[in-house]
Amino acid sequence: AEYRAAALGTYAAARRALDAALADQSWSAVDGQTNAGSLPPAVILDLDETALDNSVFEARSIRKGKTFDQEVWNQWVRESAAGAVPGAAEFLTYAASKGVTPFYITNRDFDPEGPGTQANVVKLGFPMSTTDDTLLLRGERPEWKSDKTSRREYVAQRYRVLLLLGDDLNDFANARELNVADRDKLIERTTPWWGTRWFMIPNPIYGSWERAVAASGTDCEKLQKKIDALRVQ
């Protein structure tokens, strides 16, 4: 219930911000995008744990006693069975009704995950453009790697990006290799954008924070070594 409330609150706030953004021709959620008032409006969303809810997949893994397994994940994607994160469908429907084009930037791989992902998005009724490619997957173009910056820039060349929505820092800026301290600095530097142009959906299950928290020399790694030593004793 708490997660549902947090997600619904985030999407409700994003809807209010969307109205403000539409009324302000100078507004953009992409750092460095200027003089874009004449461009058509768009919003950019991540998919997994931002718009698509994969909790059924996570529950399956727990029941089987498994950590992440790529082939099991691929099977899940082929099922196109992910639900919608609370508030996502309503927000997207509202955005489309205002003439705003949603772009979905995901690190699901173009091959083999593209067809199942598109089918899932369509099944949930998320708006999809009939004239533009709005599902931008990793590897769809050679330059579209795990860092989503180039895909955000691709959208910003042709659209005024009003909002960014995600569940990971990399949905907003390139934070893949940042340590814990630098991730905190990124948040401090972009404080005015959170809740106005950038909207974060909580995801305590997985994300790029794992790499930062558990990296060599971190407090988490030191604690794990102590636990391992106690087990040996």
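Note that the structure is a prediction, hence the values are computed from the model and not measured.

What counts and what doesn't
Residues numbered from 1 in each chain as written. Predicted model: local features only at pLDDT ≥ 70, side-chain atom pairs only at ≥ 80, totals over all residues. Heavy atoms only, no water. Axes fitted to C-alpha atoms, helices over the stretch in contact; angles between N-to-C directions. Helix = DSSP H or I, 4+ residues; strand = E, 2+ residues; numbered from the N terminus. Parallel < 35°, antiparallel > 145°, perpendicular 65-115°, else oblique. Contact = heavy atoms within 4.5 Å. Nonpolar A, V, L, I, M, F, W, Y, C, P; charged D, E, K, R; others polar. 1 Å grid on protein atoms, 1.4 Å probe; cavity = no way out; pocket = protein on both sides within 12 Å on 5 of 7 lines; lining within 4 Å. Points joined across faces, edges and corners; volume = space filled by probe spheres on them. Phe/Tyr/Trp six-rings, centres within 6.5 Å; stacked < 30°, edge-to-face > 60°. Buried < 20%, exposed > 50% of the residue type's maximum accessible area, 1.4 Å probe, protein only. Lys NZ or Arg CZ within 6 Å of the ring centre and 35° of its normal.

Comments concerning the packing of helix H1 (residues 2-23) against helix H4 (residues 88-97)
- At a closest axis distance of 9 Å, the pairing of H1 and H4 adopts a crossing angle of 10 degrees. Looking at the two axes, H1 sits roughly parallel to H4. Taking contact as the criterion, the partners of Tyr 11, Ala 14, Arg 15, Leu 18 and Asp 19 in H1 are, on H4, Ala 88, Phe 91, Tyr 94 and Ala 95.
- Tallied by class, the residues present in the contact of H1 with H4 amount to 7 nonpolar, no polar and 2 charged.

Topic: empty space enclosed by the protein
- Applying the stated rule across the entire model yields 1 cavity of 30 Å³ or more.
- In this structure, the largest cavity encloses a volume near 40 Å³.

Side note on the packing of aromatic side chains
- Applying the stated criterion across every chain yields a total of 12 aromatic pairs.
- With centroids separated by 5.5 Å and ring planes inclined at 40 degrees, the aromatic side chains of Phe 172 and Trp 198 adopt a geometry described as tilted. On the criterion of sequence distance, the pair formed by Phe 172 in the loop between strand E6 (160-166) and helix H7 (180-189) and Trp 198 in strand E7 (residues 198-200) is long-range, its members being 26 residues apart.
- For the ring pair Trp 193 and Trp 198, a centre distance of 5.3 Å and an interplane angle of 55 degrees mean the geometry is tilted.
- Of the residues examined, Trp 193 reaches a relative accessible area of 22% and is grouped as partly exposed.
- Between the NZ or CZ atom of Arg 15 and the centre of the ring of Tyr 94, over which it lies, the distance is 3.7 Å.
- Lying over the aromatic face of Trp 193, Arg 197 brings its terminal NZ or CZ to 5.4 Å of the ring centre.

Observations concerning the layout of surface pockets
- There is about 900 Å³ of room inside the largest pocket.
- Every residue lining the largest pocket is counted, 32 residues in all, and those nearest its centre are Asp 48, Phe 68, Asn 107, Tyr 206 and Gly 207.
- For the lining of the largest pocket, the secondary-structure elements that each account for two or more residues are helix H2 (55-64), helix H3 (70-79), strand E4 (101-109) and helix H8 (209-213).
- Considering every element that reaches the lining of the largest pocket, the biggest residue donor is E4, with 4 residues.
- Looking at side-chain class alone, the lining of the largest pocket contains 5 nonpolar, 11 polar and 16 charged residues.
- Forming the walls of the second largest pocket are 17 residues, and the residues nearest its centre are Val 30, Asp 31, Arg 152, Phe 172 and Trp 198.
- Per element, the largest residue contribution to the lining of the second largest pocket is 4 residues, and it comes from helix H6 (residues 149-156).
- Tallied by class, residues from the lining of the second largest pocket come to 8 nonpolar, 5 polar and 4 charged.

These figures come from the coordinates and say nothing about function on their own.
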